[in-house]
Amino acid sequence: MQIPSFVSFRTANAGQLADALQHARDYTLALFDCFAQAGYDAPARVPQLHCLNPPLWELGHIAWFAEWFVLRHAASSHPVDARKGPLLRKGDDWFDANTVPHAMRWNLELPSTGAMKMYCHEVLDRVLDQLLNAAADGMAHDGALYPYRLALAYEDLRGEAMLAALQTLGLPAPPGLAQDESAWIQPSEIRFPGGTVQLGSHHDGSFVFDNELHAYQCYVPGFSMDAALVTNAQFGDFVADGGYDNNRYWSPAGRDWLLRQERAAPRYWQRDGGYWRTLRFGRLCTLNGAEPVRHVTLFEAQAYCMWAERRLPTEAEWEYAALSGHPGFRWGRLWEWTATPFEPYPGFAAGPYREYSAPHFATDQVLRGASFATPARLVSAKFRHFQLPARDDIFVGLRTCAY
C-alpha cells in the first residue's frame, strides 16, 4: 500500500493542530494504561534499560515538554529560557531531560498515577485554550504555531518509543497495532537513472526540523534498489547459511557487537523445531516469512547486505527514490537503516529544542521512512530519523541497493 493522504503536522492549521494534539494525548494515555495494567506505572517495578524510561516519568515529561514550549513560552530548551513559571512546583526538577540523567528517573518522588494524569489533562486543556484563542484573534500564523507543532511532533515521537517499550517488556499493545503485516509485493528491484536531488528544506513557513536545514543540491549516480523491504524469509536464508557465524560478513564494530550479544538470529526470533517463531508484544507466534524483517541492528543489516552482495542505500539515494513517484517503491511500514552516518547539513544551526539533533551527530546513523507505529501526520520523505547502530528495540528493517 502507498502512504495514505493526510494533513501533515508541518502545515496543519490551528483547528487541525487542536484535533491532532487531543488525538496524540489520548494515544499517549492509552499506551500508559498498557504499562499500568502490568504494574509498570510504579517506576521501581520497571527494569532499568537504556532504551526506555519509567512510563510514569515519560508521561509527565511529555506533558511538561508541551508546557515548557507552549504555555511557558520558552525561547529554547535551555533551563533558564522559560518566560513563565511551572504548573508543578518541582516540574522542572522532575521532567527536564537536560538536567535529570536517565538513571535518576527511576528514583524521583513523582506524583501518583492519578495526579500525573490530572497534570496531563490540565496542560492539554490550557494548550488547546491558548491555541484556539490565538486562532480566534487572528494570531495563529505559522510562526505562532511553531511551538504547537513542535509539541505535537515530540509527543508523536515519544508515543512510538512507548510502543517500542511495550514490545521490549513483552506487554500487549493497544488493539490494532500488534497484528502481523501481510506481504506487500514479491521481491523486486527498481532501476533509478540518478540525477540531482534537493536534500533538506528551506524555511517556508511550515515546520522544519533543525537537522533538515538547509536545502542543498546533491548529485546521485544511477543505482538499483529493492522495491520493498527485506523479508523474514530472505533474512532467514542469511541465518540458515551461517551468516551470524561468518566473520567476513561483519564490520569490526559488528563483530564486537556480535561477541557481546551472542546473537544467532534477529532479536525475538526463537527456533521451534524446523520453524522460526517470534515474540510480538508478549505473544509467541509463527514467523511470517513474507513480512518485512524487523528489530535488526545496523550491524545485522550491513552483514546481510555483504552476504547478499548488495549494500545499504545512502540517505540521498533513499530520498531520491521516495520522491521519484515510482509506483513500485513501497515505504512506511518500518524505519530503514541507511549507509549514512548522522551528520548536519551545511549551514546547520540548532533549533529551539537544542538537544534534538546536535548531541547525536557522529554517533548515530540515519534511518529513513516511517513505521506502522508512526502517525501519518508525521510521515515525510524528508524526515531524518537517527539512532545508535546497536538499537534493535525500535521498529526498523532494511532494503538493499546496488550501483
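Computed from a predicted structure; not experimentally measured.

S.K.: What am I meant to see in the overall build of the protein here?
M.R.: When helices and strands are counted, the protein shows nine helices and 12 strands. Its C-alpha atoms give the protein a radius of gyration of 22 Å, within 12% of the compact-globule value 22 Å for 403 residues. With respect to the principal axes defined by its C-alpha atoms, the protein has extents near 60 × 50 × 35 Å. Looking at the protein residue by residue over its 403 residues, the buried ones come to 56%. Of the contacts formed within the protein by residues at least 6 apart in sequence, a portion of 76% connects residues at least 24 apart.

S.K.: How do you make sense of the sheet that holds strand β4 (residues 223–226) when you look at a structure like this?
M.R.: Backbone-to-backbone hydrogen bonds join strands into a sheet, with any given pair of strands oriented parallel or antiparallel. In spatial order, the strands read β1-β4-β12; together these three strands make up an open sheet with antiparallel pairing. Each edge of the open sheet carries a strand with a single partner, namely β1 (189–192) and β12 (401–402). The pairing of β4 with β12 spans two bridges and is antiparallel. If you follow Ser 224 over to β12, its bridge partner there is Ala 402. Helix α9 (residues 315–323) rests against β1, β4 and β12 of the sheet, and its axis sits at about 75° to β4.

S.K.: Would you explain the packing of helix α1 (residues 14–37) against helix α5 (residues 142–169) in this entry?
M.R.: If you want to describe how two helices pack, look at the angle between their axes and the distance between the axes. Axis separation between α1 and α5 bottoms out at 10 Å; the angle between their running directions is 25°. Regarding the angle of α1 to α5, the classification is roughly parallel. Our pair here, α1 against α5, has a crossing hand that is left-handed. Within the contact between the two elements, α1 uses Ala 14, Leu 17, Ala 20, Leu 21, Ala 24, Arg 25, Tyr 27, Thr 28, Leu 31, Phe 32, Cys 34 and Phe 35 and α5 uses Leu 145, Tyr 148, Arg 149, Leu 152, Glu 155, Asp 156, Gly 159, Met 162, Leu 163, Ala 165, Leu 166 and Leu 169. Broken down by class, the residue content of the contact of α1 with α5 amounts to 18 nonpolar, two polar and four charged.

Each value, and the rule that gives it
- Residues numbered from 1 in each chain as written.
- Predicted model: local features only at pLDDT ≥ 70, side-chain atom pairs only at ≥ 80, totals over all residues.
- Heavy atoms only, no water.
- Helix = DSSP H or I, 4+ residues; strand = E, 2+ residues; numbered from the N terminus.
- Rg over C-alpha atoms; globule rule 2.2 N^0.38 Å.
- Buried < 20%, exposed > 50% of the residue type's maximum accessible area, 1.4 Å probe, protein only.
- Contact = heavy atoms within 4.5 Å.
- Pairing = 2+ DSSP bridges.
- Axes fitted to C-alpha atoms, helices over the stretch in contact; angles between N-to-C directions.
- Parallel < 35°, antiparallel > 145°, perpendicular 65-115°, else oblique.
- Left-handed = near helix turned anticlockwise from the far one by under 90°.
- Nonpolar A, V, L, I, M, F, W, Y, C, P; charged D, E, K, R; others polar.

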